[in-house]
Amino acid sequence: MTTRPIERKNAIGLAAADYKGLPTTLCQGCGHNSIASQISTAAYELNLRPHEVIKMSGIGCSSKSPAYFLGMSHGINALHGRMPSIATGALVANHSLKALGVSGDGDTGSIGFGQFKHLIRRNVRMVYIVENNGVYGLTKGQFSVTADQDQRLKYAGVNPFPALDLCAEAIIAGCGFVARSFSGDPKQVRELLKAALNHRGTALLDIISPCVTFNNEESSTKSYPFGKDHEFPLQDISYVPKQEEIMIEDYQPGSVQEVTLHDGSIIHLRKLEAHYDPTNRLQALARLEKAQHEREFITGLIYFDGERPSLAEVSHLPETPLVQLPEEKLRPSPDALARVMTSFR
Amino acid sequence: MSVSAPESPLAVEEASARSADRPPVINDFSMVVATANGTGSQTANLTLLRAIFKMGIPVNGKNIFPSNIEGLPTWYHIRVSKDGYTARRHTSEVLVAFNEATVAQDIKDLPPGGVCIYPSDWRTPPGRADVITYAIPLNQFVRKTELKGKYRDYIANMVYVGAVAQLLGIDMEKIKEALSFHFKGRQKLVDQNYGVVEMAYEWTAANIVKTDPYRVAPMNETAGLMLIDGNEAAALGSVFGGVTVAAWYPITPSTSLIDYLGKYLHDLRRDPETGQQNYVIVQAEDELAAIGMVVGAGWAGARAMTSTSGPGLSLMAEFAGLAYYAEVPAVIWDVQRVGPATGLPTRTSQGDISFAYTLGHGDTKHILLLPGTVGECFDFGTTAFNLAEELQTPVFVMTDLDLGMNNWMTPPFHYPTEPIKRGKVLTAEQLNPHGFARYRDVDGDGIPYRTLPGTEHPLAAYFTRGSGHNELAQYSEKAADWYNNMARLARKFETARQLVPAPAIEEVKSAEVGIIAYGSTLPAIEEARDRLQAAGLPTSFLRLRALPINGEVRDFVERHDRIYVVEMNRDGQMRQILVSEMPDLATKLHSISYLDGLPLTARWVAEAIQKVEG
């Protein structure tokens, strides 16, 4: 007698495999693959309905990855740096969708920097993942804007320019959910993803995701060895869904912080840096500045503010998504036209 | 061929300026009002225009304005035509000279026997021996109003309204109605302005002896007609076409289209009780983002549009290509203006035709709609969305500044007869248990089926990409997949030929000569054909209303010996497209193209054709 393993299903009856995508075509060991895998797991654990999710990307290694998760969700691979505008349009057209955008440091910090900032400014409700490796992979090894100053790369030479900090840029633009993580820390990535998927507006996850082919020397802050040795999580993060009760543990007073998301779920933060408060905008910016200056690899929830309404909320949209409105809602009556036309006489 | 400048102002025979015996010229002349930009003269000019319209006289107004907020010269042309002609004329017989900075040239532009009305407060009165001048004491009236600052300027314009009304014989009741129209019935404003008009009217009656022949007299030619600009008509048409998402970036001369869209959506598509809006307008950070939002919304299933002009269209090139290849509906209104960068931002052109037709890199061919009237601007509001969704592709509506920003007479718009067509969209219920192939030509018309995000079916999803894909929307670099997909897209374009608006044809049996034109040149062509007919040259006329062309265009060309393709650009862009569509008929197609930023005139069109005809 053979025993078949019982396939585990989540609360809506889907298996983990239902959240997977196609096999990756990225390099073996690429951090992006680990992130894709965590997206699948987070979606499975959150019981997301695949048809209610859209996945979007720009151009580059990172932007290929939406093919490698959530195969039952619609996706669109847009233009280089232009995923934010696609997302903005899609999400005003149908505000009931949950959106995952995957971008890279070149796609976001260079060619798409304007759209990135404006997406955040409008607070389009989506998870914006930057798979940040400091280098252009598909074109074989040019510096990106997040590369370390004075870094040397085999083909590109020395980078004379300072790195842009995408978390700081997001905070300045008005982002209410700013996190940094490391593809080598799958649990943290997963918990942040789950929280971000329930944020009210744009949630930025700046995930250092090493390029094992072009930028993996230990001296680079975007390398796997550097990340492994230097990751300094500000908190130990757990996402607690709305329905679940929080297990009360014995914590030192002041060592735990909770932030409540728009849907009532909670991000439970066990502080590893005692005095860090991610709801303090100026402290967040100061901490990022210090980290950049001292080559510290801080990860965790850098900044949170759940108060600002999303673009869909300020657009006075009806509950029914625009794409589902019937013709009679979209085309005013003949009387209405006749009335308007009397004003042109 | 033939790019020739219009000849210098009218060579009329010598006319005696002060001949009281000149026969009256009734309802057949042009007037130009010269003012400075930002002085509020537009209100005064539109009041004159609408008052004449309300007298039943065919009229057209054209604003020749600078790219400037305040201070630079601006001219407003009003053509009064008992015959119903609405094209620009080379010459205006009546000049309202209220801009001292330009009067020296303005008065030179008058024909002999013309009229110049100017403020008597100027130190140097404008003079030309063969022109009749009337001086109006502007400051005297303004002082009486007790208004201050800017309001003085605004009200000053009403002085010339009163003087002109008296001199031309415009019905003062109609002036009052026009003011009421303009101020939307706000009585205090109407009264204030009318008071000044009346003062000037009475003063002119008492103090000026009219010696010129130009006057208006009531007709019954505008009953039932409306006076509206193309941008407003386009906006209204889009509302009735079911637009749900608009994204845009401000640019002259398309900005007012979105302004009107916002106004009518707010009035007609917002629930007054809940305040909920079944639409979204996003002012994007640039045109690149604007078209990105439109494509994103179209991908998600919305009726999405943007409105722009040439420079914005340039920024939209990459997304236009993506939408063509990924097969996403989008509607782009291009209110054309002259040149790149600033170019001539407040002047009209048909210079974006070639660019828009193939916008995008690689092999790309788009559908262009070519409205020629404000009525078509309204109609194409629905047509553009239906075509975009039925064909799953971007549709460009090519209008221009002249059509978009100037006021045109039009019969009332027809309520759309076409339903809102969503094209081949599969719902969860319609999905085959085995799923579907996003890019398969199931029906042989090149148009595949699509599903929208949010469709609850395990096989509904697909991954949209511009890059190589097979019929299942899977990434593919196989040569056959790329080739087959391109061949299907070409097939879809052939289908489009039969779906786009057919050309409007006026065939004259005896005519050897045919004219092909499109867009806002329509009134100039119609008038030119009358002139040519009178000169013994009958012509047939085919007005393109869309690209790609269909068989009717070929037949028309074949039926005539010589075809003149008339357009407002330097290189004869439409002729080039027609030649590439019908290379065997190329020698029949002659280009009559000209661009200087001003709308074409009938005289120029007629003379350019006569010159070639010999």
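See above for the structure.
Read on for an overview of the structure. (Residues numbered from 1 in each chain as written. Chains lettered and ligands numbered in written order. Predicted model: local features only at pLDDT ≥ 70, side-chain atom pairs only at ≥ 80, totals over all residues. Heavy atoms only, no water.)

Considering the packing of helix H7 (residues 230-240) of chain B against helix H13 (residues 374-391) of chain B
All names here are of chain B.
Then step 1. For the pair H7 and H13, the least separation of the axes is 7 Å and the interaxial angle reads 30°. Judged by the twist between their axes, the crossing of H7 over H13 is right-handed. Contacts from Gly-230, Ala-233, Ala-234, Leu-236, Gly-237, Ser-238 and Phe-240 in H7 reach Val-374, Cys-377, Phe-378, Gly-381, Thr-382 and Phe-385 in H13.
Then step 2. Looking at the contact of H7 with H13 residue by residue, the classes come out as eight nonpolar, five polar and no charged. (Axes fitted to C-alpha atoms, helices over the stretch in contact; angles between N-to-C directions. Helix = DSSP H or I, 4+ residues; strand = E, 2+ residues; numbered from the N terminus. Left-handed = near helix turned anticlockwise from the far one by under 90°. Contact = heavy atoms within 4.5 Å. Nonpolar A, V, L, I, M, F, W, Y, C, P; charged D, E, K, R; others polar.)

Some words on the sheet that holds strand E14 (residues 266-271) of chain A
Residue and element names in this part refer to chain A.
Then step 1. Reading across from one edge, E12-E14-E13 is the order of the three strands in this open sheet, with antiparallel pairing throughout. The strands lining the two open edges of the sheet, one partner per strand, are strand E12 (235-240) and strand E13 (256-260). Each strand axis lies, on average, 20° off the axis of its neighbour in the sheet, ignoring direction.
Then step 2. The sheet contacts of helix H7 (residues 186-196) involve E12 and E14, and relative to E12 the element is tilted by about 45°. (Pairing = 2+ DSSP bridges.)

Considerations on the interface of chain A and chain B
Reports often express the size of an interface as the amount of accessible area lost when the parts come together.
Then step 1. Tallying the contact residues gives 52 residues for chain A and 69 residues for chain B.
Then step 2. Of the roughly 5000 Å² buried where chain A meets chain B, counting both sides, 67% is carbon and sulfur surface.
Then step 3. Taken as a group, A:His74, A:Arg331 and A:Phe344 account for 16% of the area that chain A buries against chain B, more than any other trio of residues on that side.
Then step 4. At the boundary of chain A with chain B, the tally comes to two salt bridges.
Then step 5. A salt bridge links A:Arg49 to B:Glu456; the nearest nitrogen and oxygen atoms lie 3.5 Å apart. (Buried area = accessible area lost by both parts, 1.4 Å probe. Salt bridge = Lys/Arg side-chain N within 4 Å of Asp/Glu carboxyl O.)

Side note on helix H5 (residues 113-122) of chain A
Along an α-helix, a turn takes 3.6 residues, which lines up residues three or four apart on a common side.
Then step 1. When we look at burial in H5(A), the residues that qualify are A:Gln115, A:Phe116, A:Lys117, A:Leu119, A:Ile120 and A:Arg122.
Then step 2. Of the residues one or two after H5(A), A:Asn123 is the one with positive phi, at around 60°. (Buried < 20%, exposed > 50% of the residue type's maximum accessible area, 1.4 Å probe, protein only.)

A word on the nonpolar core
All names here are of chain B.
Then step 1. Counting 108 residues, the largest nonpolar core has Ile-516, Leu-544, Met-574 and Leu-578 as the members making the most contacts within it.
Then step 2. A total of ten residues in this core trace back to one element, the largest contributor, which is helix H9 (residues 287-300).
Then step 3. Aside from chain neighbours lying at most four places away, what touches Met-574 is Ile-353, Leu-370, Tyr-518, Leu-544, Leu-547, Val-565 and Glu-567.
Then step 4. Counting residues in hydrophobic clusters, the runner-up holds 57 residues, among them Ile-136, Val-164, Leu-168 and Val-216. (Core = buried A, V, L, I, M, F, W, Y, C linked by side-chain atoms within 4.5 Å.)

Regarding the sheet that holds strand E1 (residues 53-57) of chain A
Then step 1. The strand order E11(A)-E15(A)-E9(A)-E10(A)-E4(A)-E3(A)-E1(A)-E2(A)-E18(B) describes an open sheet built from nine strands, whose pairing is mixed. Every other strand in the sheet has two partners, leaving strand E11 (231-233) of chain A together with strand E18 (463-465) of chain B as the edge strands with one partner each. Recorded for the sheet is a direction-independent mean angle of 20° between the axes of neighbouring strands.

Here we look at the pairing of strand E4 (residues 73-81) of chain B
All names here are of chain B.
Then step 1. The pairing of strand E2 (residues 28-36) with E4 spans nine bridges and is antiparallel. Within E4, the position partnered with Thr-35 by the bridge is Thr-74.
Then step 2. Inspection of the sheet shows strand E3 (residues 59-64) paired to E4 by six bridges, in the antiparallel sense. Among the inter-strand pairings, Lys-62 is bridged to a residue of E4, identified as His-77.

Observations regarding the state of the cysteines
Then step 1. A full pass over the atoms with the stated rule returns zero disulfides over all chains.
Then step 2. Summary of cysteine pairing: A:Cys175 is not part of a disulfide, and the nearest cysteine sulfur, belonging to A:Cys167, is at 8.8 Å. (Disulfide = S-S within 2.5 Å.)

Remarks on unusual backbone geometry
Then step 1. In this structure, the amide linkage connecting B:Thr252 to the following residue, B:Pro253, adopts the cis form with an omega of 5°.
Then step 2. On the secondary structure map, B:Pro253 appears in the loop between strand E10 (245-248) and helix H8 (255-268).
Then step 3. Of note, A:Asn123 is a non-glycine position whose phi angle comes to about 60°, a positive value.
Then step 4. With respect to the secondary-structure elements, A:Asn123 resides in the loop between H5 and strand E4 (126-132).

Quick word on helix H12 (residues 334-342) of chain A
Then step 1. Those residues of H12(A) lying buried are A:Ala336, A:Leu337, A:Val340 and A:Met341. One side of H12(A) carries all its buried residues, which in axial view fall inside an arc of 135°. Across from the buried face of H12(A), at angles greater than 90 degrees, the exposed residues are A:Asp335, A:Arg339 and A:Thr342.
Then step 2. Looking at the buried positions of H12(A), the neighbouring elements they touch are strand E9 (226-229), H7, H8 and H13 of chain B. (Arc of directions from axis to C-beta.)

What to know about the packing of H5(A) against helix H6 (residues 166-173) of chain A
All names here are of chain A.
Then step 1. Put simply, H5 and H6 touch, their axes get as near as 8 Å, and they point 45° apart. By the criterion of interaxial angle, the relationship of H5 to H6 is oblique. The chirality of how H5 crosses H6 is right-handed. Contacts from Phe-113, Phe-116, Lys-117, Ile-120 and Arg-121 in H5 reach Leu-166, Glu-169, Ala-170, Ile-172 and Ala-173 in H6.
Then step 2. Within the contact of H5 with H6, the residues separate by chemical class into seven nonpolar, no polar and three charged. (Parallel < 35°, antiparallel > 145°, perpendicular 65-115°, else oblique.)

Focus: the pattern of salt bridges
Then step 1. As enumerated under the stated definition, the model contains 48 salt bridges over all chains in all.
Then step 2. As a salt-bridge pair, A:Glu296 and A:Lys290 come within 3.5 Å of each other at their nearest N and O atoms.
Then step 3. Exposure remark for A:Glu296: the relative accessible area of 25% places this residue in the partly exposed category.
Then step 4. Note on A:Lys290: relative accessible area 39%, which makes it partly exposed.
Then step 5. The partner of B:Arg89 in a salt bridge is B:Glu93, and the shortest N-O contact between them spans 2.8 Å.
Then step 6. With relative accessibility at 22%, the residue B:Arg89 sits in the partly exposed group.
Then step 7. Take B:Glu93: its relative accessible area is 10%, and that puts it in the buried class.
Then step 8. When salt bridges that share partners are traced, they join A:Glu273, A:Arg287, A:Lys290, A:Glu294 and A:Glu296 into one network.

A word on the pairing of strand E23 (residues 562-567) of chain B
All names here are of chain B.
Then step 1. Within E23, five of the six residues are buried, which leaves the element mostly enclosed by the surrounding structure.
Then step 2. By the bridge criterion, four bridges tie strand E20 (residues 513-518) to E23 in an arrangement that is parallel. Bridging across to E23, Ile-515 finds its partner in Tyr-564.
Then step 3. The pairing of E23 with strand E24 (residues 589-593) spans five bridges and is classified as parallel. Note on E24: the bridge partner recorded for Glu-567 is Ser-593.
Then step 4. Running through helix H18 (residues 573-581), the crossover from E23 to the neighbouring parallel element E24 is right-handed. (Right-handed = clockwise from strand over helix to strand, strands pointing away.)

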